[in-house]
Amino acid sequence: MQLEDALNDYIHYIDVVENKSIATVKSYKNDLIKYMDYLVKQKIKNVEDVSYQDIQLFIGELKDFEKNSSINHMITSIKMFHQYICFTYSNIQNPTLHLRSVKAEKKLPLYFNVADIDKLLDSFGDNDKDIFHKALLEVLYGCGLRVSELINLKINDVHLDQHFLKVIGKGEKERIVPMHEKSVHVLEQYLNLVRIQWEKKRSPFIFLNSRGQHVSRQYVHNLIKDKLHELNLDERLSAHSFRHSYATHLLDGGADLRVVQELLGHSDISTTQIYTHVQNKRLKEAYSSFHPRSDKNKL
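Residues numbered from 1 in each chain as written. Predicted model: local features only at pLDDT ≥ 70, side-chain atom pairs only at ≥ 80, totals over all residues. Heavy atoms only, no water.

A. Main features of the nonpolar core. Of all hydrophobic cores here, the largest spans 56 residues; its most connected members are Leu120, Leu187, Tyr190 and Phe207. A per-element tally of this core places helix H6 (residues 128-142) first, with 8 residues. Each residue touching tyrosine 190, except ones within four places of it in the same chain, is listed here: Ile131, Phe132, Ala135, Arg195, Ile206, Phe207 and Leu208. Residues Ile11, Tyr28, Leu39 and Val47 belong to the second largest nonpolar core, which totals 30 residues. (Core = buried A, V, L, I, M, F, W, Y, C linked by side-chain atoms within 4.5 Å. Buried < 20%, exposed > 50% of the residue type's maximum accessible area, 1.4 Å probe, protein only. Helix = DSSP H or I, 4+ residues; strand = E, 2+ residues; numbered from the N terminus. Contact = heavy atoms within 4.5 Å.)

This is the structure:
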């Protein structure tokens, strides 16, 4: 069966029989046209002549200029095409049976450098609202918490005299997180000067707004968004960037990866290892900028 006929057959099937959206049909068709063009250049004219090795060579070429996400989309398009053809025409073998997706790229997290985190946390005044806001962000960064963990901290979870928090993370998993002196001081200020005024009725939660209500996740996200804009900091940063910064700064200071894993509450070390990529990237940039033999420093 000629490649062109097989392609037209498949596109008709997903368009008319499966009734896929116009965008989906177009996406599959664009992928498969590129695939067919490659096969034709390899002197392959019939779909039954395509081998697993031919497909692997095609995927290998894509790796030179395509993102892994685009390659995986192409692999899906190719697999769906061959599955349809071999199901419809039982005499044709499926060459994609052992075809696997490539590893998805790990996006490096955005994080604050130390100067910017200092700039942000030092930007608050001494009025009640600023003390409240500073306490939120000091604990968020100083303890490496998720926003959900921050807002759900309870009075009984905080042990300021011993400088630690008890945190309930994902899957109700409990962990103990130490607090540094600044976080303790700011949280004490909030509890003793602000919260005591704002609490309208007894609440188990640490963080209450000026109406005495349990503070929401959206409130924290909006606070951070406003502060980034006010201080002219990178507005792509987010609440989770405080957690990324906490981990990155600990590793920069010499902390063991296993310790950081435990502090963050990651069940799998591979989740924590993303931060070693951040370190490696910065090391390469430093080498490129300052090593006398690097290209940047050649006259």
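B. Representation of the pairing of strand S2 (residues 164-168) within the structure. The pairing of strand S1 (residues 158-159) with S2 spans 2 bridges and is classified as antiparallel. Opposite valine 158, over in S2, you have leucine 165 as the bridge partner. Here S1 folds back onto S2, and the loop between the two strands holds 4 residues, one of which, histidine 163, carries a positive phi near 60°. Turn length for the S2-strand S3 (residues 174-178) hairpin, with the two strands adjacent in sequence and antiparallel, is 5 residues, and the turn residue glycine 171 shows positive phi of about 65°. (Pairing = 2+ DSSP bridges.)

C. The arrangement of helix H2 (residues 22-41) in detail. The terminal C-alpha atoms of H2 lie 29 Å apart, and with 20 residues this matches the ideal 28 Å at 1.5 Å per residue to within 8%. Turning to H2, the residues buried within the fold contact helix H1 (3-17), helix H3 (52-62) and helix H4 (68-88). Immediately downstream of H2, the backbone of lysine 43 shows phi near 70°, a positive value. (Expected span 1.5 Å × (residues − 1).)

D. Region of the structure containing the packing of helix H5 (residues 114-121) against H6. Between H5 and H6, whose axes approach to 10 Å, the crossing angle comes to 155°. With respect to each other, H5 and H6 are oriented roughly antiparallel. Only Lys134, Leu137, Glu138 and Tyr141 of H6 make contact with H5, whose side of the interface consists of Ile117, Leu120 and Leu121. Its residues placed into classes, the contact of H5 with H6 shows 5 nonpolar, no polar and 2 charged. (Axes fitted to C-alpha atoms, helices over the stretch in contact; angles between N-to-C directions. Parallel < 35°, antiparallel > 145°, perpendicular 65-115°, else oblique. Nonpolar A, V, L, I, M, F, W, Y, C, P; charged D, E, K, R; others polar.)

E. Main features of unusual backbone geometry. In this model, asparagine 19 sits at a positive phi of 55°, which is unusual for a non-glycine residue. A positive phi is found at histidine 163, a non-glycine position, where the angle reads about 60°. Looking at where histidine 163 falls in the secondary structure, it is placed in the loop between S1 and S2.

F. Structural view of the pairing of S3. Where burial is concerned, the two faces of S3 differ: the one with Arg175 and Val177 is buried and the one with Glu174, Ile176 and Pro178 is not. Relative to S3, S2 is paired through 5 bridges, and the arrangement is antiparallel. By the bridge assignment, valine 167 is partnered in S3 with arginine 175.

G. Spatial organisation of the pattern of salt bridges. Tallying each qualifying case throughout the model produces 7 salt bridges. Of the charged contacts in the structure, one is a salt bridge between glutamate 230 and lysine 227, with a shortest N-O distance of 3.3 Å. Of this pair, glutamate 230 and lysine 227 both sit in helix H9 (residues 217-230), 3 residues apart, roughly one helical turn. Note on glutamate 230: relative accessible area 51%, which makes it exposed. According to the relative accessible area criterion, lysine 227 is buried, its value standing at 6%. A salt bridge links arginine 236 to aspartate 234; the shortest N-O distance between them is 2.8 Å. Owing to a relative accessible area of 32%, aspartate 234 belongs among the partly exposed residues under this scheme. Residues participating in the shared-partner salt-bridge network are Arg146, Glu149 and Arg175. (Salt bridge = Lys/Arg side-chain N within 4 Å of Asp/Glu carboxyl O.)

H. Examining the environment of glycine 169 more closely. For glycine 169, the position within the fold is in the loop between S2 and S3. As for glycine 169 and glutamate 149, which are separated by 20 residues in sequence, their C-alpha atoms are 6.3 Å apart. Here glycine 169 is in contact with Arg146, Glu149 and Arg175, once residues within four sequence places are set aside.

I. View of the sheet that holds S1. Strand order in the open sheet made by the 3 strands is S1-S2-S3, with antiparallel pairing throughout. Edge positions in the open sheet fall to S1 and S3, since each of these has one partner strand only.

J. Expanded view of the packing of H1 against H2. Between H1 and H2, the shortest axis-to-axis distance is 11 Å and the interhelical angle comes to 170°. Taken as axis vectors, H1 and H2 run roughly antiparallel relative to one another. On H2, the residues that touch Leu3, Leu7, Tyr10, Ile11, Ile14 and Asp15 of H1 are Val25, Tyr28, Lys29, Leu32, Ile33, Met36, Leu39 and Val40. Class assignment of the residues belonging to the contact of H1 with H2 gives a composition of 12 nonpolar, no polar and 2 charged.

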